[in-house]
Amino acid sequence: ASSFPSGGLRATHTAAAFTTWDRSSPCFVLDKVLRIPCAFITHLGACIDDKTPLLRSMDAVNKEGLRLLKNIKIGTDAKVIHSFLGWEQEFFVVRAEL
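Below, the structure is looked at part by part. (Residues numbered from 1 in each chain as written. Predicted model: local features only at pLDDT ≥ 70, side-chain atom pairs only at ≥ 80, totals over all residues. Heavy atoms only, no water.)

1. A closer look at the packing of aromatic side chains
This is how the line gets drawn: What counts as a ring pair is set by centres within 6.5 Å for rings of Phe, Tyr and Trp (its six-membered ring), and what kind of pair is set by the plane angle: stacked under 30 degrees, edge-to-face over 60, tilted for all other angles. Placement of a charge over a ring requires the Lys NZ or Arg CZ to be within 6 Å of the ring centre, with the centre-to-atom vector within 35 degrees of the ring normal.
Going through the model one piece at a time under the given rule, you end up with zero aromatic pairs. Taking the ring centre of W21 as reference, the NZ or CZ of R23 above it sits at 4.7 Å.

2. Considerations on the layout of surface pockets
To be explicit about the condition: Cavities and pockets were defined on a 1 Å grid built from protein atoms only: a cavity is a group of points that admits a 1.4 Å probe but offers it no way out, a pocket is an open group of points flanked by protein on both sides within 12 Å along at least five of seven lines, and a lining residue is one with an atom within 4 Å of any such point. Grid points are joined across faces, edges and corners, and a volume is the space filled by probe spheres set on the points. In this description a helix means any DSSP run of H or I spanning at least four residues, a strand means any run of E spanning at least two, and both kinds are numbered starting from the N terminus. Classification convention: Asp, Glu, Lys, Arg as charged; Ala, Val, Leu, Ile, Met, Phe, Trp, Tyr, Cys, Pro as nonpolar; all other residues, Gly among them, as polar.
Of the voids in this model, the largest pocket is the one considered here, and its volume is about 390 Å³. For the largest pocket, the lining is made up of 19 residues, of which D22, S24, L55, M58 and D59 are closest to its centre. Looking at the lining of the largest pocket, the elements that each hand over two or more residues are β1 (17–21), β4 (38–42) and α1 (51–71). Considered class by class, the residues forming the lining of the largest pocket number nine nonpolar, six polar and four charged.

Okay, here's the thing in structure tokens:
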């Protein structure tokens, strides 16, 4: 299959972008097809999808969170910080008059 709109072919090593398996998300089957969550970046590391910025921010939260715990001397044996998005961060209650 071709990745060019014209249908032309190219050598695999000349690709301008890469996909990588996002191991933080589970694979799943939909319509009898195995779906593997991936991130998509250019050969220079620029993100060209919506998932890569999220993955990078999760890495930053982990790195800086562990650094914070070490500096305040709490949980100094922690190896990883998991961040979760909760329902309370998605819904807001406002008065009907607004």
